Amino acid sequence: MATITDILPAGAWTGVPADRVVLDYDGRHRRRIVLTGVSGASYLLDLAEATHLHDGDGLLLPGGGVVRVEARPEPLMEVRGETPAHLVRLAWHIGNRHLTAQIDGDRILIRRDHVIAHMLEHLGARVLDVEAPFDPEGGAYHDHLHGAHDHAH
């Protein structure tokens, strides 16, 4: 089993990956774990500190080659506003509740929560249940406390 100790941020590597690992959001916050690629091969991820792996990151194999990290679709809520200013106001309410959120163009993706859905609908949002990969913003405190690496998207 190959031991992986280095992460290549999405966009920092090119080429065809040797394998892929498909993980949900929680499964992508790791320090040490055995991962199974879609090929069936096993890899020991052994990092110095817990790190959040992003969709498109590469796990550098010791002998060369890269295992691509892919975000698995999961149950989320898509939040849309009537105008860009309305969406910003909705984002403020989501952030004020310290919810993990992915800003994605003209929508915000958050984890499903019927209480939050009701609150957002009361604020005029259009809320729809979706299945999508979840790769939220790290946030100032999250990156510092949980060791998430910083890279441009």
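Details of the structure are given in the entry above.
Now for a description of the structure that goes with this document. (Residues numbered from 1 in each chain as written. Predicted model: local features only at pLDDT ≥ 70, side-chain atom pairs only at ≥ 80, totals over all residues. Heavy atoms only, no water.)

With that out of the way, let us pick up the sheet that holds strand β3 (residues 19–23). Read from one edge to the other, the open sheet built from four strands follows the order β2-β6-β7-β3, with strand pairing classed as mixed. Where the open sheet ends on each side, the last strands, each with one partner, are β2 (6–8) and β3. Strand-to-strand, the axes of this sheet are offset by a mean angle of 30°, without reference to chain direction. (Pairing = 2+ DSSP bridges. Helix = DSSP H or I, 4+ residues; strand = E, 2+ residues; numbered from the N terminus. Axes fitted to C-alpha atoms, helices over the stretch in contact; angles between N-to-C directions.)

Let us look at the pairing of strand β7 (residues 66–71). With five of its six residues buried, β7 lies for the most part within the structure. Here β3 pairs with β7 via five bridges, running parallel. Bridged to Asp19 within β7 is Val67. In the sheet, strand β6 (residues 58–60) pairs with β7 via three bridges, with the strands oriented antiparallel. Within β7, the position partnered with Leu60 by the bridge is Val66. (Buried < 20%, exposed > 50% of the residue type's maximum accessible area, 1.4 Å probe, protein only.)

Our next topic: the pattern of salt bridges. Inspection of every chain in the model, using the stated rule, returns 14 salt bridges. Between Arg28 and Asp135 there is a salt bridge, with the nearest N and O atoms lying 3.4 Å from each other. Of the two residues, Arg28 sits in the loop between β3 and β4 (29–36) while Asp135 sits in the loop between β11 (126–132) and α3 (140–146), which places them 107 residues apart along the sequence. In this structure, the salt-bridge partner of Asp129 is Arg112, at a minimum N-O distance of 3.7 Å. Remark: Arg112 occurs in the loop between β10 (107–111) and α2 (114–122) and Asp129 occurs in strand β11; sequence separation between them is 17 residues. (Salt bridge = Lys/Arg side-chain N within 4 Å of Asp/Glu carboxyl O.)

Right, let's get into helix α1 (residues 84–96). Since the α-helix advances by 3.6 residues per turn, residues separated by three or four positions end up pointing in the same direction. Under the 1.5 Å per step criterion, the end-to-end length of α1 is 18 Å for 13 residues, consistent within 8% with the ideal 18 Å. On the buried face of α1, the contacting elements are β8 (74–80), β9 (101–104), β10 and α2. Directly after α1, the chain includes His98, whose backbone phi takes a positive value near 55°. (Expected span 1.5 Å × (residues − 1). Contact = heavy atoms within 4.5 Å.)

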